[in-house]
Amino acid sequence: MKIAVAGDHAGYSLKEEVKALLTSQGHEVVDFGTNNEEACDLPDYIYPAALAVSEGKVDRGIFIDGVGYGSAMIANKIYGVYAAVCQDPFCAELARSHSDTNVLCIGGKIIGSALALEIVKVWMTTDHQGDVEKYKRRVGKVVEISEKHLKKLSEL
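Small disclaimer: the values here were computed from a predicted structure and weren't measured.

**Let's talk about the pattern of salt bridges**
Right, so step 1: Across all of its chains, the model carries seven salt bridges by this definition.
Right, so step 2: Put simply, R96 and D100 hold a salt bridge, and the shortest N to O gap is 3.1 Å.
Right, so step 3: Linked through salt bridges whose partners overlap, the residues forming this network are K15, E16, K19 and D31.

This is the structure in structure tokens:
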């Protein structure tokens, strides 16, 4: 898969570890920055990465900031992006299997490296259970909300 990674200064170190893991697993990584630990503004990196997910230029995204929520708030403003903050492997599994998320958000200040890498492994290898009616129906309702309130990028 082709994976967008992005984050701010608080997520930089962990982002580099995630990139190494993804590359070792055979994934193509597109890094939207930041490229150091100097203080920066999160939207400058998450917004273009989320656009890449929305436009289908990448298959998924993994965004890392201080606690994960800033990245998720930005990403979820973009049509076709379904981001979840995951702080343990169980949440990562459910974010994929039940909710069909295409962006994983992690907090570099609250999750240690070993746990974060396990979260990434689980999220990357879990498929959506779209053949299970209740998950298909629930995801469909979320998509309906998106269709009602967000504009497709082609309409902008």
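**Digging into the side chain of K19**
Right, so step 1: Within the element layout of this structure, K19 appears in helix α1 (residues 12-24).
Right, so step 2: Engagement of the side chain of K19 in a polar contact is seen with the side chain of D31, the distance being 2.7 Å.
Right, so step 3: Beyond its immediate sequence surroundings of up to four residues, K19 is in contact with V5, V29 and D31.

**A short note on a positive patch on the surface**
Right, so step 1: Residues K134, R137, R138 and K141 make up a contiguous surface patch of positive charge.
Right, so step 2: Relative to the assigned elements, R137 resides in helix α6 (residues 133-149).

**Focus: the packing of aromatic side chains**
Right, so step 1: For the structure shown, the criterion picks out zero aromatic pairs.
Right, so step 2: Its end group placed over the ring of W123, R60 keeps NZ or CZ at 5.0 Å from the ring centre.

**Quick word on α6**
Right, so step 1: Its 17 residues give α6 an end-to-end C-alpha distance of 24 Å, which sits within 8% of 24 Å, the value for a rise of 1.5 Å per residue.
Right, so step 2: Buried residues of α6: Y135, V139 and S146, and no others. One side of α6 carries all its buried residues, which in axial view fall inside an arc of 20 degrees. Facing away from the buried side of α6 by over 90 degrees, the exposed positions are E144, I145 and K148.

**With respect to the sheet that holds strand β1 (residues 2-7)**
Right, so step 1: Here five strands make up an open sheet; going across it, the order is β2-β1-β3-β5-β4 and the pairing parallel. Only two strands of the sheet have a single neighbouring strand rather than two, namely β2 (28-31) and β4 (83-85). Averaged over all pairs of adjacent strands, the angle between strand axes in this sheet comes to 25 degrees, irrespective of strand direction.
Right, so step 2: Note that strand β3 (residues 60-65) and strand β5 (residues 103-107) share five bridges and pair parallel. Each residue of the ladder has a partner; that of I62, found in β5, is L104.

**Overview of the pairing of β1**
Right, so step 1: Judged by how many residues are buried, β1 sits mostly within the fold: five of six residues are covered.
Right, so step 2: In the sheet, β1 pairs with β2 via four bridges, with the strands oriented parallel. Its bridge partner lying in β2, V5 is registered against D31.
Right, so step 3: Regarding topology, α1 serves as the crossover connection from β1 to the parallel β2, and that connection is right-handed.

**Looking at the state of the cysteines**
Right, so step 1: As enumerated under the stated definition, the model contains zero disulfides in all.
Right, so step 2: Just so you know, C40 is unpaired, no disulfide at all, and the nearest cysteine sulfur is the one on C105, 15 Å from it.
Right, so step 3: Overall, the relative accessible area of 17% leaves C40 in the buried class.
Right, so step 4: C91 forms no disulfide, and the closest cysteine sulfur to it belongs to C86, at a distance of 5.9 Å.

**Regarding the environment of L150**
Right, so step 1: Summarising the element assignment, L150 is placed in the segment after α6.
Right, so step 2: Along the primary structure L150 and D8 are separated by 142 residues, whereas in three dimensions their C-alpha atoms are 25 Å apart.
Right, so step 3: Among residues more than four places away in sequence, those in contact with L150 are N76, K77, I78 and Y79.

Rules used throughout
Residues numbered from 1 in each chain as written. Predicted model: local features only at pLDDT ≥ 70, side-chain atom pairs only at ≥ 80, totals over all residues. Heavy atoms only, no water. Salt bridge = Lys/Arg side-chain N within 4 Å of Asp/Glu carboxyl O. Helix = DSSP H or I, 4+ residues; strand = E, 2+ residues; numbered from the N terminus. Polar contact = N/O pair within 3.5 Å; in protein donor to acceptor, adjacent residues only side chain to side chain. Contact = heavy atoms within 4.5 Å. Patch = residues over 30% accessible without salt bridge, like charges linked within 9 Å, V, L, I, M, F, W, Y side chains within 5 Å. Areas by Shrake-Rupley, 256 points an atom, 1.4 Å probe, with all protein chains shown as cover. Lys, Arg positive; Asp, Glu negative; His and termini not counted. Charge placed at Lys NZ, Arg CZ, Asp CG, Glu CD. Phe/Tyr/Trp six-rings, centres within 6.5 Å; stacked < 30°, edge-to-face > 60°. Lys NZ or Arg CZ within 6 Å of the ring centre and 35° of its normal. Expected span 1.5 Å × (residues − 1). Buried < 20%, exposed > 50% of the residue type's maximum accessible area, 1.4 Å probe, protein only. Arc of directions from axis to C-beta. Pairing = 2+ DSSP bridges. Axes fitted to C-alpha atoms, helices over the stretch in contact; angles between N-to-C directions. Right-handed = clockwise from strand over helix to strand, strands pointing away. Disulfide = S-S within 2.5 Å.

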